Amino acid sequence: MEKISRPFSYIRYDHIDSLDPKDHALLQQARRATSLAYAPYSKFRVGAALQLSNGIIVSGANQENASFPAGICAERVALSTVSSQYPGCKIEAMALSYDNKAGESDHPVSPCGICRQSLAEWEQRQSFPIKIILGGLTGEIYIIEFASLLLPLAFSAGDMTV
Ligand code: THU
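Residues numbered from 1 in each chain as written. Predicted model: local features only at pLDDT ≥ 70, side-chain atom pairs only at ≥ 80, totals over all residues. Heavy atoms only, no water.

Chemist: What's the story with the site of the ligand in this structure? I'm lost.
Modeler: Around the ligand sit S42, F44, V46, N62, E64, C73, A74, E75, P111 and C112, and those are all the residues in its vicinity. Here A74 contributes a backbone N or O atom positioned 2.9 Å from an oxygen atom of the ligand. When the ligand sits alone it has 370 Å² of accessible area, and the protein chains cover 74% of it. Contributions of two or more residues to the shell around the ligand are made by β2 (44–52) and α2 (74–85). The residue makeup of the shell around the ligand, split by class, is 6 nonpolar, 2 polar and 2 charged. (Near = heavy atom within 4 Å. Polar contact = N/O pair within 3.5 Å; in protein donor to acceptor, adjacent residues only side chain to side chain. Areas by Shrake-Rupley, 256 points an atom, 1.4 Å probe, with all protein chains shown as cover. Helix = DSSP H or I, 4+ residues; strand = E, 2+ residues; numbered from the N terminus. Nonpolar A, V, L, I, M, F, W, Y, C, P; charged D, E, K, R; others polar.)

Chemist: Please clarify how the nonpolar core should be interpreted in this entry.
Modeler: Nonpolar side chains tend to gather and get buried jointly when the protein is soluble and globular. In this structure, L50, L52, V82, I91, M94, I130 and I132 are the most contacted members of the largest nonpolar core, which totals 24 residues. Every element with two or more residues in this core is listed here: β2, α2, β4 (91–100), α3 (113–126), β5 (131–135) and β6 (141–144). Setting aside residues up to four positions removed in sequence, I132 forms contacts with M94, L119, Y142, I143, I144, F146 and A147. In terms of nonpolar packing, the next biggest core, distinct from the first, is built from 11 residues, L19, L27, A95 and I143 among them. (Core = buried A, V, L, I, M, F, W, Y, C linked by side-chain atoms within 4.5 Å. Buried < 20%, exposed > 50% of the residue type's maximum accessible area, 1.4 Å probe, protein only. Contact = heavy atoms within 4.5 Å.)

Written as structure tokens, this is what we have:
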């Protein structure tokens, strides 16, 4: 019997102004993208902004539906846009923000489980780390070195090979 531990760490900043200029701009874009959400049910408007290796920033926002499972998260809206509009382009970083119309938006929130799975596979496919920047409309910021840190023991394509 053996207990296996995997370390998890992230960087915390008190304020967006402490970020380097590229991360600062990406988080601001994620904050702006919250206005593109269609979230009449949850009132929780999420914005994602992806920094591409060609210099372009792609953003996305959550799109809900009266049939709740048909809704899609901001992260996967943005990821799908990259596949469709900039195929082959690497994603260097993703910023995530939110505007909670039913409460506060003053602390970082982290991607949901499905989005973690999608991000992990993207990272694997492109063989390049995706830095994750998390922040509300105000308050502290977390930076995670790369996306798959958020999903230890992930299920992946390699598990299906014989
Ligand atoms: N949501 C996202 O867009 N991303 C996440 O990582 C967490 C949740 C959305 C889905 C739904 O529209 C709303 O936030 C409340 O769960």
